[in-house]
Every structure is written in structure tokens, then in C-alpha cells.
Amino acid sequence: GSGANFAINGTMDVQGTATNPVYFTSMRDDSIGGDSNNDGTATVPANGNWGEIKFNGTATGTFNHAYLKYGGADQAIGADGLIELESDADLTMSNSFVGYSGDTGIYAVAGANMTIAVTLDNTTIANNGTHGIYMSSNGNAANEAYLLNISNSVISDNSNYGILAYELKQAALTNTAFTNNPGWA
């Protein structure tokens, strides 16, 4: 349902394989695991069907061969993105997909004097309700910084910006395609 959220205060290590990936998706997504809500074709998945995976404090997230889809429910339930990083959290993704969020795909807000690092390799960020990736303190923190390293990836078809980032300390984009994002990048 739309209220499903994960709060990570330590480490989340998701290790799928090419032949056996891990899915975080809507219960309405019958393409994964069949008709899990037993309603036949009465419902279909949509952006924002569930909440988010939120990394708090110094939490770390690692995803390999993972598909995160149809989360990022609107802010009314407190979800700013399908994946949300706060304070001093870090995210590493490879061979993965983040998409169909009701809001932002990856949303990062650092605390004062803290750094959030996002590293993506061979990952697609697509079809999100606002931005593919958003990184900013919204003016609420001092001396925060963001490290963004993206390689061999695709950022496409997001409703606004592919990446909207402020206070970037380091950004490295290698062999990454940006397509059909109406805003910058």
C-alpha cells in the first residue's frame, strides 16, 4: 500500500544476480511474482504506490542487481523519493533500476557539516514523477556536501530534471546518457 516505508539506521546490503535480481515494487505489479494481491487485472502499478527506502544518519545502502519501482508516494506520507538519504548517509548501486517514483528517484538531504555520497554504475534512473536525482539541503544546513559518481548509466524520461544538485563537492559522470528529461541534465 501507499504507506509502506523502510527506515534504515544501519546497513542495507541487497545482492541480487543477473539471473535472480531483487525487486522492491508495488503489490499491484503482477509482472513480478504474479498476482500478489489476488485481484486479477483490476489494478495496475502506478508511480507512488508505496513509500520509500530511507537511509538515516550514517546509514549505508548497497544495491546490486536490484529493481526499485512504483514507490516514492507523495509527500503527504513523508516520502520525498523512492530512495531518500539524510544526514550523512551513502548509497552505492550497480546493475540496478530506480524508477516510476511518485516524486524523485533518489532524494538526498545532507545535515550540517555532513557529506552524502551517491555512486551509480550500470544503473538506470527513469520515469520518475519529478527528478531522477535531487541533492540539496534546501538551505537548511551549513557546510554540507555531496559526492556524485555515475558511470555507464542512463538517466531518462524523468518529469523534470535528470539531476538537480546543489552544494556538489565532487561530480564525476562517465559514459552516462541523459535523455528526455525536460529540465537540465
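Since the structure is predicted, the reported quantities are computational estimates derived from the model, not experimental observations. (Residues numbered from 1 in each chain as written. Predicted model: local features only at pLDDT ≥ 70, side-chain atom pairs only at ≥ 80, totals over all residues. Heavy atoms only, no water.)

J.: Go over the pairing of strand 8 (residues 90-94), please, and point to the residues and values.
T.: As paired strands, strand 5 (residues 60-64) and strand 8 are joined by five bridges and run parallel to one another. Pairing of threonine 62 across the sheet is with threonine 92, part of strand 8. Bridge count between strand 8 and strand 11 (residues 115-121): five bridges; the pairing is parallel. Residue leucine 91 lies in a different strand from strand 11, and its bridge partner there is valine 118. (Pairing = 2+ DSSP bridges. Helix = DSSP H or I, 4+ residues; strand = E, 2+ residues; numbered from the N terminus.)

J.: Let's hear about the side chain of serine 26: which residues, and what values?
T.: Along the polypeptide, serine 26 turns up in the loop between strand 3 (22-24) and strand 4 (53-55). Taking relative accessible area as the criterion, serine 26 reaches 6% and is therefore assigned buried. Those residues in contact with serine 26 that sit more than four places away from it in its chain are Pro45, Asn49, Trp50, Lys69 and Tyr70. (Buried < 20%, exposed > 50% of the residue type's maximum accessible area, 1.4 Å probe, protein only. Contact = heavy atoms within 4.5 Å.)

J.: Report on the packing of aromatic side chains, specifying residues and quantitative values.
T.: Here the structure, examined in full by the defined rule, presents nine aromatic pairs. Taken together, the aromatic side chains of Phe6, Phe24, Trp50, Phe55 and Phe63 make up a single cluster linked through ring pairs. (Phe/Tyr/Trp six-rings, centres within 6.5 Å; stacked < 30°, edge-to-face > 60°.)

J.: Lay out the nonpolar core in plain terms, naming residues and giving numbers.
T.: Within the largest apolar cluster, 32 residues are counted, with the highest numbers of intra-cluster contacts made by Phe55, Phe63, Leu68, Ile83 and Leu85. Setting aside residues no more than four positions away along its own chain, leucine 68 makes contact with Phe24, Ile53, Phe63, Leu82, Ile83, Met93, Phe97, Val98 and Gly99. Ranked by size, the runner-up nonpolar core spans five residues in total, among them Tyr107, Val109, Tyr134 and Leu164. (Core = buried A, V, L, I, M, F, W, Y, C linked by side-chain atoms within 4.5 Å.)

J.: Which residues make up the sheet that holds strand 2 (residues 11-15), and what values go with them?
T.: Pairing is parallel across the open sheet formed by six strands, whose spatial order is 2-5-8-11-14-17. The two strands at the open ends of the sheet, each matched to only one other strand, are strand 2 and strand 17 (168-174). Recorded for the sheet is a direction-independent mean angle of 5° between the axes of neighbouring strands. (Axes fitted to C-alpha atoms, helices over the stretch in contact; angles between N-to-C directions.)

J.: Could you give an account of the pattern of salt bridges, naming the residues involved and the relevant values?
T.: Using the criterion set out here, one finds two salt bridges in the structure. Between lysine 69 and aspartate 29 there is a salt bridge, with its nearest N and O atoms 3.4 Å apart. With lysine 69 in strand 6 (residues 66-69) and aspartate 29 in the loop between strand 3 and strand 4, this residue pair connects regions lying 40 residues apart in the sequence. The same class applies to lysine 69 and to aspartate 29, which are both buried. (Salt bridge = Lys/Arg side-chain N within 4 Å of Asp/Glu carboxyl O.)

J.: If you had to explain the pairing of strand 2 to someone new, which residues and values would you point to?
T.: Residues Met12 and Val14 point to one face of strand 2 and are all buried, whereas Thr11, Asp13 and Gln15, pointing to the other face, are not buried. Bridge count between strand 2 and strand 5: five bridges; the pairing is parallel. Bridged to valine 14 within strand 5 is phenylalanine 63.

J.: Describe in detail the environment of threonine 174, supporting the description with residues and values.
T.: By the secondary structure assignment, threonine 174 is in strand 17. Residues contacting threonine 174, with those up to four places away along its chain left out, are Ile150, Ser151 and Asn152.

J.: If you had to explain the side chain of histidine 131 to someone new, which residues and values would you point to?
T.: Turning to its location among the elements, histidine 131 is positioned in the loop between strand 12 (124-126) and strand 13 (133-135). Engagement of the side chain of histidine 131 in a polar contact is seen with the backbone nitrogen of tyrosine 161, the distance being 3.3 Å. Setting aside residues up to four positions removed in sequence, histidine 131 forms contacts with Asp103, Thr104, Gly105, Asn158, Asn160, Tyr161 and Leu164. (Polar contact = N/O pair within 3.5 Å; in protein donor to acceptor, adjacent residues only side chain to side chain.)

J.: Mind laying out the sheet that holds strand 7 (residues 81-87), listing which residues take part and the relevant values?
T.: Read from one edge of the open sheet, six strands run 1-4-7-10-13-16, paired in parallel fashion. The outermost strands of the open sheet, each flanked by one partner alone, are strand 1 (6-8) and strand 16 (163-165). Here the strands of the sheet are splayed against their neighbours by 10° on average, with no regard to which way each runs. Examined bridge by bridge, strand 7 and strand 10 (residues 104-110) share six bridges and lie parallel to one another. Its bridge partner being in strand 10, glutamate 86 is matched across the sheet by valine 109.

Without other data, these values stay purely geometric and don't point to any function.
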